[in-house]
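Next come the chains, spelled out residue by residue.
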Amino acid sequence: MSKILKVFKDPYWTFGVILRRMFSRFMSDETFVRWEYFSGMGKFPNLNHPVTYNEKLQWLKLNDIHPDYTRLVDKYEAKVYVRAMIGDEHIIPTLGIWDSWDDIDFSKLPDKIVLKTTHDSGGVAICKDKSDMTLKKAKKKICKSLKHNYFYEHREYPYKSIKPRIIAEQLMVDESGNELKDYKFFCFDGKCKMLFIATDRNIGDVKFDFFDTEFNHLPFVQGHPWATRKITKPAGFEKMIALAEKLSKGYPHIRVDLYDINGKIYFGELTFFHFSGNVPFEPAEWDYKIGEWLKLPI
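Residues numbered from 1 in each chain as written. Predicted model: local features only at pLDDT ≥ 70, side-chain atom pairs only at ≥ 80, totals over all residues. Heavy atoms only, no water.

(A) Representation of the sheet that holds strand β7 (residues 207–212) in the model. On the basis of which strands lie adjacent, the open sheet formed by five strands has the order β7-β6-β5-β8-β9 and antiparallel pairing. With partners counted over all chains shown, the strands left at the sheet margins are β7 and β9 (264–271), one partner each. Strand-to-strand twist in this sheet, taken as the mean axis angle between neighbours without regard to direction, amounts to 25°. (Pairing = 2+ DSSP bridges. Helix = DSSP H or I, 4+ residues; strand = E, 2+ residues; numbered from the N terminus. Axes fitted to C-alpha atoms, helices over the stretch in contact; angles between N-to-C directions.)

Have a look at this one:
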């Protein structure tokens, strides 16, 4: 009964259940993009003359086709690119890469690891021990992810042709011993304009706070509320901006995700389509302001 009520209360959820899971493979990319945008934003995007940030992300999905993009969103290949650009010291150690779960020899891995699939979003399992119960849960999640083509979730074409693999990384812990804060830098033509910081992931009550490059809190919300506690500027803030700008140079728009772990900066991932361009800004004027920063390669 609760799912039936959700259909009427949440059109984005309805779209995901009815269209994405059942009919999406039969829809053209443009039709899918239009309807998913409508389900999230309450209106159809102007793809002929996009103005807002979210509209321009839809245009990029359909028009900005570049062979490098697939490599840059592959969880393994992206690390190869980033290592060459900014150095090995910013790379979280990779402990192994495999085509299937059965290829992994856990006896050769440390007790605390992070397992990720290379080709999608969300295929992550944190293993703080190698007990049978922990590995059983991780296997279920990872093997399900291996069968999933993330491209069909939002028509973000860079994900369409990535080879599904599994990587293991060293489990990183900061001074809190609890959660890692990730800093997500929005870069446009190699210039950082803003970032957001995600907190409280570990308690399932995620908060997003947006800042400009002077670390002034920006007066809008997107997707999640502001943190209830003060967020302090990290010691390596300026260095993170410099690294993000270097990694994003030559592309119309990339979000560069970084970690500050015990005073050291580590690479997280590269994202071309923040929230897949389907989550409103409040107030909506910020969708237009940020849209001005994004110059389409027309």
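Right, picking up where we left off after that structure.
(B) Structural view of the side chain of D182. Position of D182 among the secondary structure elements: in strand β5 (residues 182–188). The exposure class assigned to D182 is buried, which follows from its relative accessible area of 6%. Only 3.1 Å separates the side chain of D182 from the side chain of K184, close enough to count as a polar contact. With residues up to four places along the chain from it excluded, the contact list for D182 reads F196, I197, A198, R201, L258 and Y259. (Buried < 20%, exposed > 50% of the residue type's maximum accessible area, 1.4 Å probe, protein only. Polar contact = N/O pair within 3.5 Å; in protein donor to acceptor, adjacent residues only side chain to side chain. Contact = heavy atoms within 4.5 Å.)

(C) Highlighting the sheet that holds strand β1 (residues 94–98). An order of β1-β4-β2-β3 is seen for the four strands of this open sheet, with the pairing classed as antiparallel. Unpaired on one side and paired on the other, β1 and β3 (124–127) mark the two borders of the sheet. Strand-to-strand, the axes of this sheet are offset by a mean angle of 15°, without reference to chain direction. By the bridge criterion, four bridges tie strand β2 (residues 113–117) to β3 in an arrangement that is antiparallel. Among the inter-strand pairings, V114 is bridged to a residue of β3, identified as I126.

(D) Local environment of the pairing of β9. Sheet topology places strand β8 (residues 253–261) next to β9; seven bridges connect them, and they run antiparallel. The residue of β9 that forms the bridge with D257 is E269. Where β8 folds back on β9, the antiparallel hairpin that results is connected by two residues, among which N262 adopts a positive phi of roughly 55°.

(E) The arrangement of unusual backbone geometry in detail. The omega angle of the peptide bond from E282 to P283 is 0°, so this bond is cis rather than trans. Here P283 shows up in the loop between β9 and α10 (285–293). The backbone phi angle of R155 is positive, close to 60°, even though this residue is not glycine. Tracing the backbone through its elements, the reader meets R155 in the loop between α8 (151–154) and β4 (166–170). A positive phi angle, close to 50°, is found at D189, a residue other than glycine. Position of D189 among the secondary structure elements: in the loop between β5 and β6 (191–199).

(F) Seen up close, the pairing of β5. In terms of residue burial, β5 counts as a mostly covered element, since seven of its seven residues are buried. Neither face of β5 is exposed, since D182, K184, F186 and F188 on one face and Y183, F185 and C187 on the opposite face are all buried. Looking at chain direction, β5 and β6 are connected through seven bridges and run antiparallel. Looking at β6, one finds that C187 is bridged to C192. The hairpin turn running from β5 into β6, its antiparallel successor, is two residues long, and D189 in that turn takes a positive phi close to 50°.

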